[in-house]
Amino acid sequence: MNQIKVTTDEAKKTSIDDLFKKLSSGKNGISSQEAEKRLGQYGPNEITRKKESKLAKFLKYFWGPIPWMIEVAIILSALIRHWEDFAIIVALLLINAVVGFWQENKAQNAIELLKKKLALKARVLRDGKWQQISARELVPGDIVRVRPGEVIPADIKLIEGDYLLADESALTGESQPVEKHVNDIAYSGSLAKKGEMNGLVVTTGMNTYFGKTAQLVQEAKAVSHLQKAILRIGDYLIRIDVVLVAIIFVLALYRHEGVLETLQFVLVLTIAAIPVALPAVLSVTMAIGAIALAKKEAIVSRLVAIEEMAGMDVLCADKTGTITKNQLSIAEVRTFEGLKEDDMLLIATLASREEDQDPIDNAVIDKFKTKKELVEKRSTYKVSEFKPFDPVIKRTEATVTGPDGKKYKVSKGAPQSIMALVGNRDVESKVNEIVDDFAKKGHRPLGAARTDEQGKWQYIGLLGIADSPREDSAQVIRTAQSMGVDIKMVTGDHIAIAKNIAAQVHMGTNILTSSAFMDKPDKEAENAVEKADGFAEVFPEHKYRIVELLQKKEHIVGMTGDGVNDAPALKKADAGIAVAGATDAAKSAAAIVLTKPGLSVIIDAIKTSHKIFRRMNSYATYRIAETIRVLIFLTLAIIVFNFYPLTAVMIVILSLLNDLPIMTIAYDNTKPLKRPSGWEMRKVLTIATVLGIIGVVSSFSLFFVADRVLHLERHTIQTLMFLKLAAAGHMTIYLTRVGEARHAWTPPYPAKILFGTTETTQLAATLLAVYGIFMSPLGWWLAGLVWGWALVAFIITDFIKIFFHKRLESQIEMEEAKFKL
């Protein structure tokens, strides 16, 4: 039977009962079987975007400045009837397009996979039971529950609950949250800030208000410091190329060489010098890295977050769930006014709700369930109204009708919040005494209260909640410190609890409360926060201040969080990390979303980010060194000896052979850094320049031997130099991939795919040179000479590289020491 479709506008004007009839639903929702049918009729609850066809994407690789230059070179090759050049340059254009398209497609697939992992969940009432499903499976007629920090998953008619404060700024641009009540519509895409309500799903996907009004806006792509640096390198190489190519062109005209032939040569040389593979290498390295992070249970919400993680030197980690297990249990019960433990547990349980799956509620209910007589007694009480935990007032509240028919209220929450509710200062000293006692044992206090017959609140007692540290926390903290990451504990708990846990995991116990840095002069607050080992009794707004103060001291700061009020601090941090079980608000503000609890997953993510950064660093160093080596050698040979050491076709083949192995650098084996990674441009440029200049000297030395000692013909020298540049160029990959003062032949060894591709392309270059394909044949004896020359140069260069690495590293260490002083 076809369901009647209801629009959001119609739902606004229609009563709840009439909507139930129209959507064949009720307060208990619909069945799973019916939901499956409706999913087939209405389609998934998602905003569909017009996808660009794969053909259109592929054709884009033939349009743009670099493809145009290649295409002009093809036309010039045809005009001067250099058909070998024509065929090879066409092959270059096609291979660049195919490889670029394949890499982009791979990166896009990785991003789509990450988006699926970050998909919203919804709490839905089906088959009479509350369950959590993917928000895309919602259908009109479903009953959903919306809680603080959650993104509203569809357009819903609110049918039950006190109120909902919804942030609709993403839809309307209005910064002030809108208060909603029963009979109002809450729109898909808006964010629940406060309150908790049930709603009837009226429209989904493209039929929602958001779906109908959303324009197909391109996602804003933030450019990281790393991307900017590599783009700057690209610009730098292009400028060098333009200057040297201009010299060659003017000199050729002065020497009355053919204009078209010269133009074709300089175009090809420009193509070879420009880092054509840069966008593909950048995107695929980031994408492969994102997949590696996802396997470690850390999902990046944007690819540039990888660099933020690599550079992080301070991590502010939540105590609960990150350093501790977040497996809460009731360790102690203390009561007032002669009440028994059972009375206290009953009141705390009435102020909890099992279906919300709140960790504290679960701990209370689990303790309660161990007492059979209490479970039987609970069935005689009826909860008519329930207010879930509010992060602002830090407590829950319920209206209860007892077995005698009398109504009263119960509440549980932070001891100070319950004290504010009760207002009876006579018990304050007793409460503080119990809180301090609990804190010394590492127990988190939870207060409980109820109203008497006059409606006045009475403090009933406190529960001590135990949450022990994870077994691996101490070891993980040591690992982080060895990588240059300072871990600072952050908790809302009592300072004594924080010190107790810090001591258990071998952290420092210089724990501060918010009074040490709030409302203090910036200088004093900055120094206090930087020296602290952790922070206790903090609220979400204090987290923002902690991040701000650390950033003023030039730290790259990571901050963990899970609640709606943590969102500003997560957004402010360089690497905002939403922990496992975080609210939608925290996830949307964070750069990294964890799907597994604990500190170890964060450290794994840092290690993986360090490795990704190293691969990018290797690529940048290699690309600069290779451009300097080829461009300067060619230019000087043309200027000084009036000799073109490579033909246009050789340059094209060399460019192809160089680009193929570097595409696989995204899969290379690397080690994590011993300190947070910064983009050390001076180090990269110095090492790359040294490698490039040594390459030029080595090439000219071989050129001298070939010309003056062996007296080879010029066309044979061209083949000889082609093989030298190909063999030695690929060895440069091994020199740059280490990235520190270590020999190229020490572990970690190159990944099989990198090594295999590099050696295959070197073999291809050797066979082309030996058998004279597209060039004069060289023969095996001369090929052996080239390989011997390249290997000796490789070993000498490696020792020189280590010398410069050591000098640069000692200079950096001295500068860092001066900065700390």
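Up top you'll find the structure we're talking about.
Anyway, here's the lowdown on the structure attached to this text.

So, how was this worked out
- Residues numbered from 1 in each chain as written.
- Predicted model: local features only at pLDDT ≥ 70, side-chain atom pairs only at ≥ 80, totals over all residues.
- Heavy atoms only, no water.
- Pairing = 2+ DSSP bridges.
- Helix = DSSP H or I, 4+ residues; strand = E, 2+ residues; numbered from the N terminus.
- Axes fitted to C-alpha atoms, helices over the stretch in contact; angles between N-to-C directions.
- Buried < 20%, exposed > 50% of the residue type's maximum accessible area, 1.4 Å probe, protein only.
- Arc of directions from axis to C-beta.
- Contact = heavy atoms within 4.5 Å.
- Patch = residues over 30% accessible without salt bridge, like charges linked within 9 Å, V, L, I, M, F, W, Y side chains within 5 Å.
- Areas by Shrake-Rupley, 256 points an atom, 1.4 Å probe, with all protein chains shown as cover.
- Salt bridge = Lys/Arg side-chain N within 4 Å of Asp/Glu carboxyl O.
- Phe/Tyr/Trp six-rings, centres within 6.5 Å; stacked < 30°, edge-to-face > 60°.
- Lys NZ or Arg CZ within 6 Å of the ring centre and 35° of its normal.
- Parallel < 35°, antiparallel > 145°, perpendicular 65-115°, else oblique.
- Left-handed = near helix turned anticlockwise from the far one by under 90°.
- Nonpolar A, V, L, I, M, F, W, Y, C, P; charged D, E, K, R; others polar.

**A short note on the sheet that holds strand β17 (residues 511-513)**
1) Next: With mixed pairing, the 8 strands of this open sheet are ordered in space as β8-β21-β20-β19-β9-β16-β18-β17. What marks the edges here is a single partner per strand, and that holds for β8 (298-300) and β17. Direction aside, the axes of adjacent strands within the sheet are offset by 20° on average.

**Describing helix α3 (residues 32-42)**
1) Next: Of the positions making up α3, those classed as buried are Glu 34, Ala 35, Arg 38 and Tyr 42. Burial along α3 is one-sided: seen end-on, the buried residues are contained in an arc of 100°. Opposite its buried face, α3 presents the exposed residues Gln 33, Glu 36, Lys 37 and Gly 40, each directed more than 90 degrees away.
2) Next: Packed against the buried residues of α3 are β1 (121-126).
3) Next: In the segment just after α3, Gly 43 is the residue with positive phi, at about 85°.

**A short note on unusual backbone geometry**
1) Next: Residue Pro 748 is bonded to the preceding Pro 747 through a cis peptide linkage, with omega at 0°.
2) Next: On the secondary structure map, Pro 748 appears in the loop between α28 (714-736) and α29 (752-771).
3) Next: Look at Asp 127: it is not a glycine, yet its phi comes out positive at around 55°.
4) Next: Mapped onto the secondary structure, Asp 127 falls in the loop between β1 and β2 (129-134).
5) Next: Unusually for a residue other than glycine, Asn 183 sits at a positive phi of about 90°.

**Focus on a nonpolar patch on the surface**
1) Next: There is a patch of nonpolar side chains on the surface, built from Leu 763, Leu 767, Tyr 771, Ile 773, Phe 774 and Trp 780 and spanning about 590 Å² of accessible area.
2) Next: Here Leu 763 lies in helix α29.

**Regarding helix α20 (residues 495-504)**
Every α-helix carries 3.6 residues per turn, so stepping three or four residues along brings you back to the same face.
1) Next: Among all positions of α20, only Ile 497, Ala 498, Ile 501 and Ala 502 are buried. Down the axis of α20, the smallest arc covering the buried residues is 130°, so these residues share one side.
2) Next: Directly beyond the C-terminal end of α20, a positive phi value near 60° is found at His 506.

**Let's talk about the packing of aromatic side chains**
1) Next: Scanning all chains against the criterion turns up 13 aromatic pairs.
2) Next: On the numbers, 4.9 Å between centres and 70° between planes, the contact of Phe 633 with Phe 700 is edge-to-face. Here the residue Phe 633 occupies a position in helix α25 (residues 600-641), and Phe 700 occupies one in helix α27 (residues 681-709), the gap between them amounting to 67 residues.
3) Next: Taken together, the ring pairs connect Phe 633, Phe 641, Phe 643, Phe 700 and Phe 703 into an aromatic cluster.
4) Next: Taking NZ or CZ as reference, Arg 145 lies 4.4 Å from the ring centre of Trp 130, over its face.

**A closer look at the sheet that holds strand β14 (residues 444-451)**
1) Next: Strands sit in the order β10-β15-β14-β13-β12-β11 across an open sheet of 6 strands; the sheet is antiparallel. Of all the strands in the sheet, the pair left with one neighbour each is β10 (329-335) and β11 (382-390). Neighbouring strand axes in the sheet, compared pairwise and without regard to direction, differ in orientation by 20° on average.
2) Next: Relative to strand β15 (residues 457-466), β14 runs antiparallel, the two being bridged by 8 bridges. Among the inter-strand pairings, Arg 450 is bridged to a residue of β15, identified as Gln 458.
3) Next: In the packing of helix α17 (residues 415-422) onto the sheet, contacts are made with β12 (395-401), β13 (407-413), β14 and β15, and the angle to β15 comes to roughly 175°.
4) Next: The strands touched by helix α18 (residues 428-440) are β10, β14 and β15; relative to β15, the strand with the most contacts, the crossing angle is about 5°.

**Considering the packing of α27 against α28**
1) Next: Put simply, α27 and α28 touch, their axes get as near as 10 Å, and they point 155° apart. Relative to α28, the element α27 lies roughly antiparallel. Read as a crossing pair, α27 and α28 show a hand that is right-handed. Packed against α27, whose contacting residues are Leu 691, Gly 695, Ser 698, Ser 699, Leu 702, Phe 703, Ala 706 and Asp 707, the element α28 presents Arg 714, Ile 717, Leu 720, Met 721, Lys 724, Leu 725, Thr 732, Leu 735 and Thr 736 at the interface.
2) Next: Grouping the amino acids of the contact of α27 with α28 by side-chain chemistry returns 9 nonpolar, 5 polar and 3 charged.

**What to know about the pattern of salt bridges**
1) Next: Tallying each qualifying case throughout the model produces 33 salt bridges.
2) Next: Close ionic contact of Asp 522 with Arg 545 constitutes a salt bridge, the shortest N to O distance being 3.0 Å. Here Asp 522, found in helix α21 (residues 522-531), pairs with Arg 545, found in helix α22 (residues 540-552); they are 23 residues apart in sequence, far enough to count as distant.
3) Next: Among the residues examined, Arg 545 registers a relative accessible area of 15% and is labelled buried.
4) Next: Because the salt bridges share partners, they merge into one network encompassing Arg 145, Arg 147, Glu 196 and Arg 353.

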